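Architecture at a glance
Listed below are the residues making up each chain.
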Amino acid sequence: MKILFIGDIFGNVGRRVLAERLPVLTREHAIDICVGNGENVSGGRGMTKNLFRKLRKYGLDVITGGNHSFSVDDNDYSFMEEPISLRPLNFPPANLGHGSTLFTLEDGRTIGVVNLMGRTFMHESLDCPFRLGLAAINELREQTPIILVDFHAEASSEKAALAHYVDGLASAVIGTHTHVQTADERILPKGTAFITDAGMTGPERSIIGMKPEGVIKKYLLQTYVRYEPSEDGAMINGVIIEVDDESGKALSITRLFERVTLIQN
Ligand SMILES: [Fe+2]
């Protein structure tokens, strides 16, 4: 099975990049399933029902989340109940939605997807992503050996630790959240593909998606500054993972990085 994972899709630019490039990439690379992190799709923070529908229309099969999964105020979060919409599994269970799913392709093959969030430098009171993640992976493995994990976390060490912890049980552990693509993609000894961060699909000339001016101002003044999403430059970041259907072990992991010239509209 060939999986395309799209790194954090950020704001208007991220959506436009996806609309233009996802159908082409899917065809060119003979992709079987597209998974993407959508927690930054609404102006850099959160997701709405309307934008969820758009990401689906552009070709994402499963949409994962993170610390911004519920960041839009007064939002209709009914889309979180859909099987293909994930928020971190280790959020308190009282939150809407779920953190893992089984997705069946048209040809009958099935993949399990798990969304977890890190605690280091983030929300330290979350449930343990290691223990909950392992339990979810083992449960999904009763249905399929092909398991993809989106680990939305800040610390590279936490991401690497989780990947090694589930090495041989998950087909891939893909880090998200930092919006900076790392060059450490590899297959771990027991067959799990891993990258610390898949990067961001959005405005390249930015600070993790936002206009630099506001971010610099915040560092200088140490006060609240409202960040504005950048519209400058466009790129798509992600990884393509090839998995053996029988064993669920990764055969390859390849970074995807493209600068995109958007068609004006
Ligand atoms: Fe995030």
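**Notes on the overall build of the chain**
When helices and strands are tallied, the chain shows five helices and 11 strands. Taken over the C-alpha atoms alone, the chain extends approximately 50 × 40 × 35 Å along its principal axes. Within the span of the chain, comprising 265 residues, buried residues form 55% of the whole. Total accessible area on the chain is roughly 11800 Å²; 50% of this is exposed by carbon and sulfur atoms.

**Details of the side chain of Arg-15**
The residue Arg-15 is located in helix 1 (residues 11–28) in this model. Buried Arg-15, no salt bridge; nearest opposite-charge side chain is Glu-231, N-O distance 7.3 Å. A distance of 2.8 Å separates a polar side-chain atom of Arg-15 from the backbone oxygen of Val-41. Each residue touching Arg-15, except ones within four places of it in the same chain, is listed here: Ile-9, Val-41, Leu-51 and Tyr-58.

**Structural notes on the packing of aromatic side chains**
Geometry of an aromatic ring pair is reported as the spacing of the ring centres plus the angle between the planes. Here the structure, examined in full by the defined rule, presents five aromatic pairs. For the pair Phe-70 and Tyr-77, a centre-to-centre distance of 5.0 Å together with 65° between the ring planes defines the contact as edge-to-face. A relative accessible area of 26% means that Phe-70 is categorised as partly exposed. On the basis of an interplanar angle of 40° and a centroid distance of 6.2 Å, the ring pair of Phe-70 and Phe-91 is categorised as tilted. Of this pair, Phe-70 sits in the loop between strand 3 (62–64) and strand 4 (100–104) while Phe-91 sits in the loop between strand 3 and strand 4, and the two are 21 residues apart along the sequence. Among the aromatic residues, those joined into a ring-pair cluster are Phe-52, Phe-70, Tyr-77, Phe-79 and Phe-91.

**Description of the nonpolar core**
Counting residues in hydrophobic clusters, the biggest one holds 52 residues, and the most contacted among them are Ile-111, Leu-148, Ile-174 and Ile-241. What Ile-111 contacts, discounting residues up to four positions off in sequence, is Met-1, Ile-3, Ile-33, Thr-101, Leu-102, Phe-103, Leu-105, Thr-144, Ile-146 and Leu-148. Judged by nonpolar contacts, the second largest core, of 17 residues, contains Ile-137, Leu-140, Phe-151 and Ala-163.

Reading the values: rules and limits
Residues numbered from 1 in each chain as written. Predicted model: local features only at pLDDT ≥ 70, side-chain atom pairs only at ≥ 80, totals over all residues. Heavy atoms only, no water. Helix = DSSP H or I, 4+ residues; strand = E, 2+ residues; numbered from the N terminus. Buried < 20%, exposed > 50% of the residue type's maximum accessible area, 1.4 Å probe, protein only. Areas by Shrake-Rupley, 256 points an atom, 1.4 Å probe, with all protein chains shown as cover. Lys, Arg positive; Asp, Glu negative; His and termini not counted. Salt bridge = Lys/Arg side-chain N within 4 Å of Asp/Glu carboxyl O. Polar contact = N/O pair within 3.5 Å; in protein donor to acceptor, adjacent residues only side chain to side chain. Contact = heavy atoms within 4.5 Å. Phe/Tyr/Trp six-rings, centres within 6.5 Å; stacked < 30°, edge-to-face > 60°. Core = buried A, V, L, I, M, F, W, Y, C linked by side-chain atoms within 4.5 Å.

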